[in-house]
Amino acid sequence: MCGEKPMARTMPIEAGDVFLVIDVQNDFCPGGLLPVPYGDDVVSPINRLANRFTHVVLTQDWHPHGHHSFASSHPGRKPYETIQAHYGAQTLWPDHCIQETHGAQLHADLQIPHAELILRKGFRPEIDSYSAFFENDRETPTGLAGYLHERGFSRVFLAGLAFDYCVRYSAEDAQRQGFTAVIIEDACRAIGVEDSVEAARLSFVEHGINTIEASVIP
Ligand code: VGL
Ligand code: ZN
């Protein structure tokens, strides 16, 4: 049967919108130290999307040697195991995104010359930082909420790596800080540790966070 009104298939970009591109760095791409499967597939959709937004902010995971989130800092522990840190559960990772290394550089094919801010996170030796807004203690701010509020943004569109970690926690915190978070899901890729992808999707429903496809932004 015809006659039903089709759903709105496009989402116009508005003045208060900012595109937050999470951790598109060599170490999270195939060949890197913490490779996200098909991580580099996000580069071309993100380049296209970034062109549609006037305002773009990039994040960069930026750890010192011997960072607390590295399995190598915990004798006898292996990557992807979980430990109890003073701020709660912490997944242990292979060493990655060490300051000034090639792996910590943004992917060379990212073409976003108009990006207005590159925010580094995870530089405190004793605490990890998935979210672009807060360290994993969920109380030490990165300053991004203040920056985005002061600039008058109201919606934060997110894409990048990894869907189930830094994108997830950044979207939750954006929403909690009073922004409307929108995840562009096919411009993300996930790491997948146990049920991390399902947990992320459930959390987005709980927090009222919308996920869209890149094609909705023409
Ligand atoms: C990330 C694990 C460790 C991410 C960063 O960008 O999602 N995941 N550090
Ligand atoms: Zn990290």
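As a starting point, this report considers the structure included with it. Not measured: the values here are computed from a predicted model.

### Some thoughts on the sheet that holds strand β1 (residues 17–22)
Strand order in the open sheet formed by 6 strands is β5-β2-β1-β6-β7-β8, with parallel pairing between adjacent strands. The strands lining the two open edges of the sheet, one partner per strand, are β5 (117–121) and β8 (210–212). Taking each pair of neighbouring strands and ignoring which way they run, the sheet shows an average axis angle of 25 degrees. By the bridge criterion, 3 bridges tie strand β7 (residues 180–189) to β8 in an arrangement that is parallel. Bridged to Val182 within β8 is Asn210.

### Some thoughts on the layout of surface pockets
One number sums up the size of the largest pocket: a volume of about 390 Å³. Breaking the lining of the largest pocket down by element, the ones donating at least two residues are β4 (88–91), α3 (163–176) and α4 (196–206). For the lining of the largest pocket, the element with the highest residue contribution is α3, accounting for 5 residues.

### What about the coordination of the zinc ion (ligand 2)?
Ligation of the zinc ion (ligand 2) by protein atoms is provided by Asp61 (OD), His63 (NE2) and His96 (NE2), these donors lying 2.0 to 2.2 Å from the ion. Sequence spacing of the donor residues for the zinc ion (ligand 2), all on one chain, is D-x1-H-x32-H. With a gap of 33 residues between them, His63 in the loop between β2 (56–61) and β3 (82–85) and His96 in the loop between β4 and β5 connect regions that are remote in the sequence. On the accessibility criterion, His63 (0% relative accessible area) is buried.

### A look at the site of ligand 1
Around ligand 1, the neighbouring residues are Asp23, Phe28, Leu34, Asp61, Trp93, His96, Leu161, Ala162, Tyr165, Cys166 and Ile191. One nitrogen or oxygen atom from the main chain of Ala162 is found 3.0 Å from an oxygen atom belonging to ligand 1. Burial of ligand 1 by the surrounding chains reaches 100%, relative to a free accessible area of 260 Å². For the shell around ligand 1, a count of residues per class yields 8 nonpolar, 1 polar and 2 charged.

About the criteria used
Residues numbered from 1 in each chain as written. Chains lettered and ligands numbered in written order. Predicted model: local features only at pLDDT ≥ 70, side-chain atom pairs only at ≥ 80, totals over all residues. Heavy atoms only, no water. Pairing = 2+ DSSP bridges. Helix = DSSP H or I, 4+ residues; strand = E, 2+ residues; numbered from the N terminus. Axes fitted to C-alpha atoms, helices over the stretch in contact; angles between N-to-C directions. 1 Å grid on protein atoms, 1.4 Å probe; cavity = no way out; pocket = protein on both sides within 12 Å on 5 of 7 lines; lining within 4 Å. Points joined across faces, edges and corners; volume = space filled by probe spheres on them. Donors = N, O, S within 2.8 Å, 3.2 Å for Na, K, Ca; no water. Buried < 20%, exposed > 50% of the residue type's maximum accessible area, 1.4 Å probe, protein only. Near = heavy atom within 4 Å. Polar contact = N/O pair within 3.5 Å; in protein donor to acceptor, adjacent residues only side chain to side chain. Areas by Shrake-Rupley, 256 points an atom, 1.4 Å probe, with all protein chains shown as cover. Nonpolar A, V, L, I, M, F, W, Y, C, P; charged D, E, K, R; others polar.

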